[in-house]
Amino acid sequence: MAETGWLSDPIGRINNLSLAPSPKNTLQPMFEALMNSIHAIQERFGTDRLSSGVIDIEMTQNDEGSYTGFIITDNGIGLDTNNMISFRKSDSMKKAKFGGKGVGRLLWLKVAEKVSISSRYVDDGKSRSISFDFAADPLEPISNLSHVDSGGEIGTCVRLTPLKTAYALHIPVKLDTVAVRTVAHFINYFVNVDCPKITLMDSEQSIVLFDKFTDDVARDQSYPIKTLVDGEDRKLSLNCFLVPKKYSDDEKGTNGLFFGAHGRAVTRYDMDGVIGLKAIDGKYAFFGYLEGPLLDGAVNDTRTEFSLSEDTIDDLKRECIANMHSFLKVEIDRVRERQIQTIVDVRNEHLRFYNVAKNPAEIADKLSLSTQKDEDIFVELSRQSLRQYKRARREFAEAKSKDLPDIDNKAKAYVSELQDESLSSLAEYIYKRKLILDMFEDRSGFADIDAEKAHYEKVVHELIRPLGSTKSELDYEDHNLWIIDDRLAFYSYFNSDKQIKAQAQSTDKRRPDITLFDLGMGFEKGASIEPITIVEFKRPKRDDYTMSDNPFTQVQDYVKELRSAGEANRYDGRTIRTIEEDTPFMCQIVADDTPSLRDVMDRLNGFYKKAGSKSYYRWDSHFRIFMEVTSYADLISGAKARHAAFFDKLGISP
C-alpha cells in the first residue's frame, strides 16, 4: 500500500530533477543531508546554540580506496513523530522556516538506488529509535521499517552509499577537496563562531571544517547592504573573505559573489573580470556572500535562483561590488599600478598616444580592472584619441555655428589638437625607425659571438624588405628601404627576392635581392633613361669572395639578363618600362669590407674608397653600371646620421 502523501510517480519526478553527473552535482545530495542535520540541530538546541551540534560526514570507500558515498551522522532532534510525518510527504513544508522545499530527499534517490536511515529521538518523554530503507518505489518507498523503544544518544544517521557509478566516479579523489567545497557551499555557517562542529573523515584522516576555514581565511569583513524594493528599504549583509583559491568551486572563474538564502549559497556571479585578477596575489580567491530576509523570501523551490527583478539583482550586485572594491583596495591598487605602467609602455612605443595619455593614472582610473593586456590598452588609447579629436572638432563646429564669443579659443584648441595628434604620430614614426635601426645593427653583428658566426644575409634582407614580395603587396610603411637611401622608398615599382623570369621576358631563375625599376615618385613614367636600381645583400662579415664568386660579377649578370629581355614586367605580366642598351643601372651592394672583398675590388680595378668610411664606388663603363659598396657599419651610421636631429629632439639618441 502506498505511503500517505507519497508520490504516485516518484521515478518520473526524480528523473525530472536536473542533476547531471559532475564533480559539483555529485556532492549536492550530501549537501542536502548536511543541511537536514543543521536544521535538526537548530530544532534541538536553538538558533543561538548551534555550536552544541555535532555532525560527522564519513566518506565510504571501496577496496581500492576510492570514495563510494557518504554517511552523515548528527546529534540533532531526530526523526520524531512530527518529522517522520513530514518525511513521508513528498513536498513537505515542515522546514519552510529554514528554507526547506521538501524535495531534498529526491536528490538522494537521484544518485543512489536506496538510502538507509536510522534515528533516535524523544517522543512524549520516551526514548525511541527508528530505522528504514528509503527508495523510489511508489508502492513501498519505506521498507525494512523498525520502530522500537531504545536508549542512547539522540540524532540521525543517513547512509547515502553506495552512489550510482555515474555519480560515484565524480566524487573528488581528495578529502581536502571535499572539505573546501563543502565549506564554500555552506560558507554562511562558518562566518560565525557559533556553528555546529562538522567533521569530514575517511579511513585515514579527519578534517574539522570550521577549524580548516578559520585557519585558511586570510582576511574577512562584513558590510551592510541596502536596496529599495517595492518602495521599502531592504537591509542585507555582505560577508567578504579572502581565502585560498582552492576554495573556488566553479570552473568558470576563481573569484565569486554568492547570493544566499537560509544559510546556503544559491547563485554565483563570476568576479574575475570585476577584480581584474584570476588568483589574488597568485594564491587567494575572493568570496562575497550576500544574505538577508529579502533573499530568504525570494528563493525558488530548488534553490537555484531568486524571484526578484533584474533591476533589483543588478542593484544588489552594484552595491556588493562597491564594497568588494573597498575590501580589496590593496590588491586592486596593485592592478591599477600595473595598468598605469602598461599605459606608459604602450604610449612610449606608440608615441601618437602621447598627447592623450599625458596622465596615465587618469586613463587607468577609467579602465575596467580586467583591461590589462597591452593589446587592450592600445585599443583603449585609440578610442580615447579618437574621442578627444571628435570632441575638439565638435566644440569648434558648435562655436562656429552659434557665433559664440569664444570661437577664437575653440579654433585654437581644435588646431592645437590637430597639431598634437600629428606631432604624436610623427614622433611614433621616428621612434619606430630608431627601434628598426637598433635591430638592424644587432643583426649585422655575430649571431654566435664565440664562433664568430654572422647572421645570414636573408635575415638582414628581411628587415629591409620582406622576401618574395612586390610593391603591389606592400605599402610605404611595410618596408625599410630608407635605411639604404631615403630616395629608394619612393620607387613606384620593385620586387624583393623574385626570379628574373618573373620580372622580365627571361628564363633566368636567379633572384636579385631587390630590383627597383623607376624613381617615379608615385608616377610610372616608363622612360628608358631613368635608372634601374638593384640592391644585393651579402652575409655580414663574409670573407670568402673570389673572382668567380663575388657580388660585382653577380650584379653584372643580372644587368646583362635584364637588358637582353628588353623590358620589365609587373607581377601580372603588364609592361612597366623598356630596358635599352643605354638604360643606366645603379647597383647598391651591402657587404662588409673584408680582405677577400678588397682583393676582388683590386683585381677588377676602378673602385674608389669614400673618405672616412669603409664604403666604395665604381663606374663600370662597359656595363654602364654605377656600383656602390656599403658596409653594414656605414649603412647604419649613415641612417643614424640622417635621423640624428629627430632622435635628439625625442630624447632617444643612442
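In this text, all values refer to a predicted model and were calculated from it rather than measured experimentally.

Thoughts on the packing of aromatic side chains
Point 1. Applying the stated rule across the entire model yields nine aromatic pairs.
Point 2. When the centroid spacing of 5.6 Å and the interplanar angle of 70° are considered together, the rings of Phe 213 and Phe 241 count as edge-to-face. Of the two residues, Phe 213 sits in helix H8 (residues 209-216) while Phe 241 sits in strand S10 (residues 232-244), which places them 28 residues apart along the sequence. You'll find Phe 213 and Phe 241 in the same group, each marked buried.
Point 3. Between Phe 552 and Phe 607, the aromatic rings sit 4.8 Å apart at their centres with planes inclined by 55°, giving tilted as the arrangement. Placement of Phe 552 in helix H17 (residues 551-565) and of Phe 607 in the loop between helix H18 (595-604) and strand S22 (608-609) is noted, with a sequence separation of 55 residues between them. Summarising the burial analysis for this pair, Phe 552 and Phe 607 share the class buried.
Point 4. Three or more aromatic residues link up through ring pairs in this structure, and these residues are Phe 190, Phe 213 and Phe 241.
Point 5. A cation over an aromatic ring shows up here: Arg 219 above the ring of Phe 327, its NZ or CZ 4.7 Å from the ring centre.

A closer look at a negative patch on the surface
Point 1. A grouping of Asp 345, Glu 349, Asp 374, Glu 375 and Asp 376 is seen on the molecular surface, where their side chains present a negatively charged patch.
Point 2. Among the secondary structure elements, those contributing two or more residues to the negative patch are helix H12 (329-349) and helix H14 (374-402).
Point 3. If you tally residues by element for the negative patch, the top one is H14, at three residues.
Point 4. With respect to the helices and strands, the residue Asp 345 is situated in helix H12.
Point 5. Accessibility expressed as a relative area gives 42% for Asp 345, which makes it partly exposed.

Describing unusual backbone geometry
Point 1. With omega at -5°, the peptide bond leading from Thr 161 into Pro 162 counts as cis.
Point 2. Topologically, Pro 162 is positioned in the loop between strand S6 (155-160) and helix H6 (165-168).
Point 3. Despite not being glycine, Lys 541 shows a phi value in the positive range, around 70°.
Point 4. Take Lys 541: it is sitting in the loop between strand S18 (532-537) and H17.
Point 5. Phi is positive for Asn 605, which is not a glycine, with a value near 70°.

Topic: the pairing of strand S1 (residues 54-61)
Point 1. Pairing geometry for S1 and strand S7 (residues 197-201), over five bridges, is parallel. Looking at S7, one finds that Asp 56 is bridged to Thr 199.
Point 2. Note that S1 and strand S2 (residues 67-74) share seven bridges and pair antiparallel. Residue Gln 61 lies in a different strand from S2, and its bridge partner there is Tyr 67.
Point 3. Counting the residues in the hairpin turn of S1 and S2 gives five residues, including Gly 65, whose phi is positive at 90°.

Notes on the pairing of strand S4 (residues 126-135)
Point 1. Inspection of the sheet shows strand S3 (residues 114-123) paired to S4 by ten bridges, in the antiparallel sense. Across the sheet, the residue bridging to Ser 116 is Asp 133, located in S4.
Point 2. Sheet analysis places S4 next to strand S5 (residues 142-149), joined by six bridges and oriented antiparallel. Bridge pairing links Ser 131 to Ser 146 in S5.
Point 3. Remark: six residues form the turn of the hairpin made by S4 and S5, two consecutive strands paired antiparallel.

A short note on the environment of Ile 57
Point 1. Relative to the assigned elements, Ile 57 resides in strand S1.
Point 2. Residue Ile 57 is classed as buried on the basis of its relative accessible area, which comes to 0%.
Point 3. Distance from Ile 57 to Ile 198, taken between C-alpha atoms, is 7.5 Å for residues 141 residues apart in sequence.
Point 4. Not counting residues within four places of it along the chain, the set of residues in contact with Ile 57 comprises Met 30, Leu 34, Ile 71, Ile 72, Ile 198, Thr 199, Leu 200 and Met 201.

What counts, and where the lines are drawn
Residues numbered from 1 in each chain as written. Predicted model: local features only at pLDDT ≥ 70, side-chain atom pairs only at ≥ 80, totals over all residues. Heavy atoms only, no water. Phe/Tyr/Trp six-rings, centres within 6.5 Å; stacked < 30°, edge-to-face > 60°. Helix = DSSP H or I, 4+ residues; strand = E, 2+ residues; numbered from the N terminus. Buried < 20%, exposed > 50% of the residue type's maximum accessible area, 1.4 Å probe, protein only. Lys NZ or Arg CZ within 6 Å of the ring centre and 35° of its normal. Patch = residues over 30% accessible without salt bridge, like charges linked within 9 Å, V, L, I, M, F, W, Y side chains within 5 Å. Areas by Shrake-Rupley, 256 points an atom, 1.4 Å probe, with all protein chains shown as cover. Salt bridge = Lys/Arg side-chain N within 4 Å of Asp/Glu carboxyl O. Lys, Arg positive; Asp, Glu negative; His and termini not counted. Charge placed at Lys NZ, Arg CZ, Asp CG, Glu CD. Pairing = 2+ DSSP bridges. Contact = heavy atoms within 4.5 Å.

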